[in-house]
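The lines below spell out each chain.
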Amino acid sequence: MGIDILLIAVVTAISSSLIGVFLVIRRMSMMTDAISHTVLLGIVLAFLLVPDLNSPLLIIGAVIMGLVTVFLTESLVKTRLIKEDAATGVVFPLLFSIAIIIISLFINNVHMDVDAVLLGKLELASIDQFIVFGMAIGPKALYTALFMLLINITFIVVFYKELKLISFDSALATTLGFMPFIIHYLLMGLVSLTAVTAFSSVGSILVIALMIGPPITAMQITKDLKQTLLLSAGIATMNSIVGYLLAIALNVTIAGVIATTTLLTFLLVLFFNPKNGVISKIIIRKKQQTDFTLLVLLIHIANHNNTKIESLSNDLMWSKGQVNTLLDIAIKNEYINIVDSNINLTRKGAVYHNKQTTFING
């Protein structure tokens, strides 16, 4: 049973992260939050027509409502009176609130509670088995997640060129006849479908984390689209496995820990990525500052033969501690030699001085 739950989490994570890459690239991350909540209204309205939680009409209703959310948001943005984030903030709470009101008034006796939608029931996902010829062959949620993963991968492979073009240059895509409008709404439809198929197992909160977390983490490491897709899927898998194991060890909700792990992974990469992490940038900036002040020291020495150590602090208006630190660095790199408190450039120091000043002067 534990393996089934882990597989559901991993497959859902990969499926969500792959489609989420294009949302992040197109700066539509907040739309994920909106769609993952407003599809509940589509489910509720469909249930009122066909009171059966297993009816495929619920999924159809959810997808349609996701597209309605996108349409309403974009319609408000096109008025030029409101920006996209504000439009999302208006449409999403309105549609989600209507869904909550309908649930409270008409179907509160059915197992369609808000907590289950938001947080999911991943721990119970393996109970509902898929029966074939009277034999249980695995959880329904796993097969649903696998089917959704197959759809998302097929969509990305078939429309990769179009997705890449409209994500980076929608105007060029229109000029070349790639019909970005159609690709856009197909993408939004898949976002809605991915969210609603994951409701019963992982919940909308984790869907949001999985669609946004791995892609933005991967994009801290690489800017290549194919590498971002592969790395995003790998990060989503790792987050799911680590989160699952931690949840079991701590005996807490699995979806919550996976979402937390997703955030922590992003923060670790954001700060400690050797290429462009926050810590790396601080170290590089510090090194650049040291290199610049070292060059200033060498320029001063080059322009003043037999510079006295005692005069450096006053001449450059540096503290004695800073002077001693830079002298130590210069000696370590064999840029200077000191004889009887007189400082002169070595041959290596002169070469470094000439090279750097030439570079600065263009």
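Residues numbered from 1 in each chain as written. Predicted model: local features only at pLDDT ≥ 70, side-chain atom pairs only at ≥ 80, totals over all residues. Heavy atoms only, no water.

A look at the pairing of strand β4 (residues 336-339)
Alright, step 1. The pairing of β4 with strand β5 (residues 342-345) spans 4 bridges and is antiparallel. Bridge pairing links isoleucine 336 to leucine 345 in β5.
Alright, step 2. Between β4 and β5, which follow one another and run antiparallel, lie 2 residues, and aspartate 340 among them has a positive phi close to 50°. (Pairing = 2+ DSSP bridges. Helix = DSSP H or I, 4+ residues; strand = E, 2+ residues; numbered from the N terminus.)

Here we look at the pairing of β5
A regular strand carries its side chains on alternate faces of the sheet.
Alright, step 1. Where strand β3 (residues 307-308) and β5 come together, 2 bridges link them in antiparallel fashion. Paired with threonine 307 across the two strands is isoleucine 343, which belongs to β5.

Examining the environment of asparagine 239
Alright, step 1. Position of asparagine 239 among the secondary structure elements: in helix α11 (residues 225-250).
Alright, step 2. A sequence separation of 18 residues divides asparagine 239 from valine 257, and the C-alpha atoms of the two residues are 9.3 Å apart.

Some points on the confidence of the model for the protein chain
Alright, step 1. Per-residue confidence for the protein chain gives a mean pLDDT of 82, with 89% of residues at or over 70.
Alright, step 2. The weakest mean pLDDT in the protein chain belongs to helix α5 (residues 114-119) at 55; the strongest belongs to α11 at 92. (pLDDT = per-residue confidence, 0-100.)

What about the sheet that holds β4?
Alright, step 1. On the basis of which strands lie adjacent, the open sheet formed by 3 strands has the order β3-β5-β4 and antiparallel pairing. The sheet terminates laterally at β3 and β4, the two strands that pair on one side only.

Considering the pattern of salt bridges
Alright, step 1. In the structure shown here, the tally under the stated rule is 1 salt bridge.
Alright, step 2. Taking the shortest distance from any N to any O, the salt bridge between aspartate 291 and lysine 287 comes out at 3.0 Å. With a gap of 4 residues between them, aspartate 291 and lysine 287 both fall in helix α13 (residues 278-303), about one helical turn apart. (Salt bridge = Lys/Arg side-chain N within 4 Å of Asp/Glu carboxyl O.)

A few points about the packing of helix α2 (residues 29-49) against helix α9 (residues 180-198)
Alright, step 1. At a minimum axis distance of 9 Å, the contact between α2 and α9 shows a crossing angle of 65°. Judged by the inter-axis angle, α2 sits roughly perpendicular to α9. Pair α2 / α9 crosses with right-handed handedness. Packed against α2, whose contacting residues are Met31, Ile35, Ser36, Val39 and Ile43, the element α9 presents Met188, Val191, Ser192, Ala195 and Val196 at the interface.
Alright, step 2. When its residues are assigned to classes, the contact of α2 with α9 shows 8 nonpolar, 2 polar and no charged. (Axes fitted to C-alpha atoms, helices over the stretch in contact; angles between N-to-C directions. Parallel < 35°, antiparallel > 145°, perpendicular 65-115°, else oblique. Left-handed = near helix turned anticlockwise from the far one by under 90°. Contact = heavy atoms within 4.5 Å. Nonpolar A, V, L, I, M, F, W, Y, C, P; charged D, E, K, R; others polar.)

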